[in-house]
Amino acid sequence: QQQVKQSPQSLIVQKGGISIINCAYENTAFDYFPWYQQFPGKGPALLIAIRPDVSEKKEGRFTISFNKSAKQFSLHIMDSQPGDSATYFCAASGIISGAGSYQLTFGKGTKLSVIP
Amino acid sequence: NAGVTQTPKFRILKIGQSMTLQCAQDMNHNYMYWYRQDPGMGLKLIYYSVGAGITDKGEVPNGYNVSRSTTEDFPLRLELAAPSQTSVYFCASASRDRRFLTQYFGPGTRLLVL
């Protein structure tokens, strides 16, 4: 019940295209949904995040769409650029059963390659 | 602010050796975490801490130990290293702003056990 399922595992997009990464969760106690971006040899860095009371959040070329009833959320990267090539992780935050503390549950990641 | 720092950046261990991965943060965060990242497997939580003196196991704690004597430091100890512990280790710290958890990651330690 703590899983966050992410797809696709890898994605190749042409420069200028739209990259779409999808995530689904099961635990309705999750109350915060961040996306992390990781470049090779670096640690993940927070990219954008959304709360469940909002259906969409946009920051520049990056948009999160959130469907609470379907328990799904997605990251859209508009006008994708070669510099966007990285691994993207979705995550969900909430109090983990039995732990009594807030934790992030991560998806397995999507490796995005944007080709010129 | 330096954020989250980790040392060493890279280490080769022989089977059975022990080592400590260091992690420090200067953001006065209460929450700290250790993850391991294996190719295609995402981030798996090893241990976490909600404050000085308080630690708990995550998803994959076997073969590791932690301590949290100060708010700033959260070292990860590997006892009797095994090839299965070859991985990239990330430390993270977090603040909770109005219920929402924001984690900040260090640059990682790459560990190779031979």
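Quick note: structure is the one above.
In this text the structure is predicted, and so the values were computed from the model without any measurement.

Q: Help me understand the packing of aromatic side chains in this model?
A: By convention here, two paired aromatic rings are described through the distance between centres and the angle between planes. Residue and element names in this part refer to chain A. Considering all chains together, one arrives at 19 aromatic pairs over all chains under this definition. Aromatic pair Trp35 and Phe73: ring centres 5.7 Å apart, planes at 70 degrees, arrangement edge-to-face. Note that Trp35 is positioned in strand S4 (residues 33-38) and Phe73 in strand S8 (residues 72-77), a separation of 38 residues in sequence. Here Trp35 falls in the buried class, since its relative accessible area comes to 0%.

Q: Help me understand the sheet that holds strand S1 (residues 4-7) of chain B, please; the structure alone is not making it clear to me.
A: Strands pair in a sheet through their backbones, by hydrogen bonds, and they do so in one of two ways: parallel or antiparallel. Residue and element names in this part refer to chain B. In spatial order, the strands read S1-S3-S8-S7; together these four strands make up an open sheet with antiparallel pairing. Here the strands that pair on one side only, and so sit at the sheet edges, are S1 and strand S7 (64-66). Averaged over all pairs of adjacent strands, the angle between their axes in this sheet comes to 20 degrees, without regard to strand direction. The pairing of strand S3 (residues 19-25) with strand S8 (residues 76-78) spans three bridges and is antiparallel. Along S8, the bridge assignment pairs Thr20 with Arg77.

Q: How should I be thinking about the pattern of salt bridges in this particular structure?
A: Once the charged atoms of two side chains with opposite charge are near each other, the side chains can pair. Residue and element names in this part refer to chain A. Throughout the structure, instances matching the rule amount to five salt bridges over all chains. Asp53 is the salt-bridge partner of Arg51, the closest N and O atoms lying 3.4 Å from each other. Relative accessible area serves as the criterion here: at 35%, Arg51 is assigned to the partly exposed category. Overall, the relative accessible area of 60% leaves Asp53 in the exposed class. Here Arg61 and Asp84 are joined by a salt bridge, their closest N and O atoms 2.8 Å apart. Of the two residues, Arg61 is situated in the loop between strand S6 (56-59) and strand S7 (62-67) and Asp84 in the loop between S8 and strand S9 (86-95); the sequence distance between them amounts to 23 residues. Given a relative accessible area of 5%, Asp84 falls into the buried group.

Q: What exactly am I supposed to notice about the layout of surface pockets here?
A: Take a probe with the size of a water molecule and roll it over the atoms, and the empty space left behind shows itself. In this structure, the largest pocket encloses a volume near 1,100 Å³. Looking at the largest pocket, it is lined by 48 residues, and the ones nearest its centre are Phe89 of chain A together with Gln37, Met41, Gly42 and Leu43 of chain B. The greatest single-element share of the lining of the largest pocket, amounting to four residues, is contributed by strand S10 (residues 102-106) of chain A. Residue classes in the lining of the largest pocket are distributed as 17 nonpolar, 22 polar and nine charged.

Q: Is there a simple way to think about the environment of Ile48 of chain A in this case?
A: Residue and element names in this part refer to chain A. Its location among the elements puts Ile48 in strand S5 (residues 45-50). Among the residues examined, Ile48 registers a relative accessible area of 2% and is labelled buried. In this structure, the C-alpha to C-alpha distance between Ile48 and Thr105, residues 57 residues apart in sequence, is 16 Å. Ile48 has contacts with Phe33, Pro34, Trp35, Lys57, Lys58, Glu59, Phe62, Ile64 and Leu75, leaving out every residue within four places of it along the chain.

Cut-off values and rules
- Residues numbered from 1 in each chain as written.
- Chains lettered and ligands numbered in written order.
- Predicted model: local features only at pLDDT ≥ 70, side-chain atom pairs only at ≥ 80, totals over all residues.
- Heavy atoms only, no water.
- Phe/Tyr/Trp six-rings, centres within 6.5 Å; stacked < 30°, edge-to-face > 60°.
- Helix = DSSP H or I, 4+ residues; strand = E, 2+ residues; numbered from the N terminus.
- Buried < 20%, exposed > 50% of the residue type's maximum accessible area, 1.4 Å probe, protein only.
- Pairing = 2+ DSSP bridges.
- Axes fitted to C-alpha atoms, helices over the stretch in contact; angles between N-to-C directions.
- Salt bridge = Lys/Arg side-chain N within 4 Å of Asp/Glu carboxyl O.
- 1 Å grid on protein atoms, 1.4 Å probe; cavity = no way out; pocket = protein on both sides within 12 Å on 5 of 7 lines; lining within 4 Å.
- Points joined across faces, edges and corners; volume = space filled by probe spheres on them.
- Nonpolar A, V, L, I, M, F, W, Y, C, P; charged D, E, K, R; others polar.
- Contact = heavy atoms within 4.5 Å.

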